Amino acid sequence: MVVQINGLTKRFGDHEVLRDIHLDIPEHSVFGFVGANGAGKTTLMKCMLGLIPLNAGTITIAGEPVIFGETKSNRHVGYLPDVPEFYPFYSASQYLELCAVITGMPKDEKQARIRELLQLVGLEGTNSPISTYSRGMKQRLGIAQALLNRPKLLICDEPTSALDPAGRAQILSILQQAKAETTVFFSTHIVSDAEQICDHVAMLHEGRIIFQDELANLKQQNEGRFLFTFTIPAAEAMERLQHLPFEMTVTDGRLAVNLPDDNARLLFMQKLTAQQILIQSMQPQTRLLEQLVLEVLT
Ligand SMILES: Nc1ncnc2c1ncn2[C@@H]1O[C@H](COP(=O)(O)OP(=O)(O)OP(=O)(O)O)[C@@H](O)[C@H]1O
Ligand SMILES: [Mg+2]
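Being a predicted model, the structure only gives us computed values, none of them experimental.

Rules used in this analysis
Residues numbered from 1 in each chain as written. Chains lettered and ligands numbered in written order. Predicted model: local features only at pLDDT ≥ 70, side-chain atom pairs only at ≥ 80, totals over all residues. Heavy atoms only, no water. Helix = DSSP H or I, 4+ residues; strand = E, 2+ residues; numbered from the N terminus. Buried < 20%, exposed > 50% of the residue type's maximum accessible area, 1.4 Å probe, protein only. Contact = heavy atoms within 4.5 Å. Phe/Tyr/Trp six-rings, centres within 6.5 Å; stacked < 30°, edge-to-face > 60°. Pairing = 2+ DSSP bridges. Core = buried A, V, L, I, M, F, W, Y, C linked by side-chain atoms within 4.5 Å. Axes fitted to C-alpha atoms, helices over the stretch in contact; angles between N-to-C directions.

Overview of the environment of Ile197
- Note that Ile197 resides in helix 6 (residues 191–197).
- Looking at Ile197, the relative accessible area reads 6%, which means it is buried.
- Through-space distance from the C-alpha of Ile197 to that of Val34 is 13 Å; in sequence the pair is 163 residues apart.
- Apart from the residues lying within four places of it in its own chain, the contact partners of Ile197 are Val30, Leu172, Leu175, Gln176 and Phe186.

Next comes the structure, spelled out in structure tokens:
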């Protein structure tokens, strides 16, 4: 495990922001940390960086205990804050060069590493100053900077939240590639982002972790679930199909049906035909995490 968090509790005054948090993050995984605004995501990341003291519990990163005010464990960590700041007049490569000098990276390593990172984040051909960058470009540069010294853990605080769909897709793809050389821990309130690239997900709600699991496990639980719309309302279709041995629910105006194997699917189609119910759309239920979150919150 590259990160082990045990019994972490954090209060601001009498406001308990994090309660008895336990998290284990395995190496070379993408770990999604999902939570609504104000759930405590940034606070947990600040605890992991030793920037604020804990009220209870311990954090270990790459075998090193995190101690408030000490930076020893931070040499294993690259951090992309929620609003990264740069020197506006530098270009991306000049900026990374500066960071490399500050962190004492050997000269012969520097150029190759910077080239490699600029390529990873898709900024290799850009010579204009950072002040002209879009938000997405700044986030991508922030990731390159955080990865510069080959950290064992990359912490990104809501890297996709302010971006449009294309920008988000780029960041997600970069994080997924970064998994080959590090472990990625990122927070988001966009559940579908977590679902796209995560190996593990944990959800924080009112200061507590309400679930954490491998995404594959969550997916398996939903294997064979399909969402239908018909030319008649879903509730009416369910009424007419009530006698079938399949688990059915109406959600969001659609009929969700568990059809675990080919026989079940065939039988279901035959019954639809027999009932003269016409399908308008049919899709496998893939937005399962979103569903789970809604179920937990409502
Ligand atoms: N320094 C502080 N002093 C007092 N309260 C704080 C402090 N920092 C955070 N909080 C409170 O802790 C709670 C969690 O805040 P935090 O910023 O960790 O949430 P978040 O999940 O990162 O939210 P967002 O999605 O908006 O970034 C909030 O209620 C916030 O007001
Ligand atoms: Mg935050």
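Now that the structure is up, let's keep going.
Some details on the packing of aromatic side chains
- This model, assessed by the stated rule, comprises 8 aromatic pairs.
- Ring plane angle 5° and centroid distance 5.7 Å describe the contact between Phe228 and Phe230, whose orientation is recorded as stacked. Per residue, the accessibility class of Phe228 equals that of Phe230, and both read buried.
- Taken together, a centroid distance of 6.1 Å and an interplanar angle of 70° make the contact between Phe246 and Phe268 edge-to-face. Note that Phe246 is positioned in the loop between helix 8 (234–241) and strand 12 (248–251) and Phe268 in helix 9 (residues 262–274), a separation of 22 residues in sequence. The exposure classification of Phe246 matches that of Phe268, with both residues buried.
- These aromatic residues form a ring-pair network of at least three members: Phe86, Tyr87, Tyr90 and Tyr95.

Points about the pairing of strand 4 (residues 56–61)
- As paired elements, strand 1 (residues 3–12) and strand 4 share 5 bridges and run antiparallel to each other. Each bridged residue has a counterpart across the sheet, and for Thr9 the counterpart in strand 4 is Ala56.
- Between strand 4 and strand 5 (residues 64–65), which pair antiparallel in sequence order, lie 2 residues; one of them, Ala62, sits at a positive phi of approximately 50°.

A few points about the nonpolar core
- Grouped together as the largest cluster of nonpolar side chains are 44 residues, with contacts concentrated most on Leu123, Leu141, Ile143, Leu154, Leu175 and Phe186.
- Element by element, the count of residues in this core is highest for helix 4 (residues 135–147), at 6 residues.
- In this structure, Leu141 is in contact with Phe86, Ala92, Tyr95, Leu96, Leu123, Ile130 and Tyr133, ignoring residues within four places of it in sequence.
- Ranked by size, the runner-up nonpolar core spans 27 residues in total, among them Leu8, Ile61, Val77 and Ala202.

Let's talk about the sheet that holds strand 14 (residues 279–284)
- Read from one edge to the other, the open sheet built from 4 strands follows the order 12-13-11-14, with strand pairing classed as antiparallel. One side of each edge strand has no neighbouring strand; the edge strands of this open sheet are strand 12 and strand 14. Neighbour-to-neighbour, the strand axes of the sheet open up by a mean angle of 25°, direction not taken into account.
- When strand 12 meets strand 13 (residues 254–258), the two strands line up antiparallel, connected through 4 bridges. Considered in strand 13, the bridge of Thr249 is made with Ala256.

Some remarks on the environment of Leu123
- Note on placement: Leu123 falls in the loop between helix 3 (107–120) and helix 4.
- Taking the relative accessible area as the measure of exposure, Leu123 reaches 1% and is therefore buried.
- Sequence separation between Leu123 and Ile102 is 21 residues; the distance between their C-alpha atoms is 21 Å.
- Leu123 has contacts with Ala92, Leu118, Tyr133, Met137, Arg140 and Leu141, leaving out every residue within four places of it along the chain.

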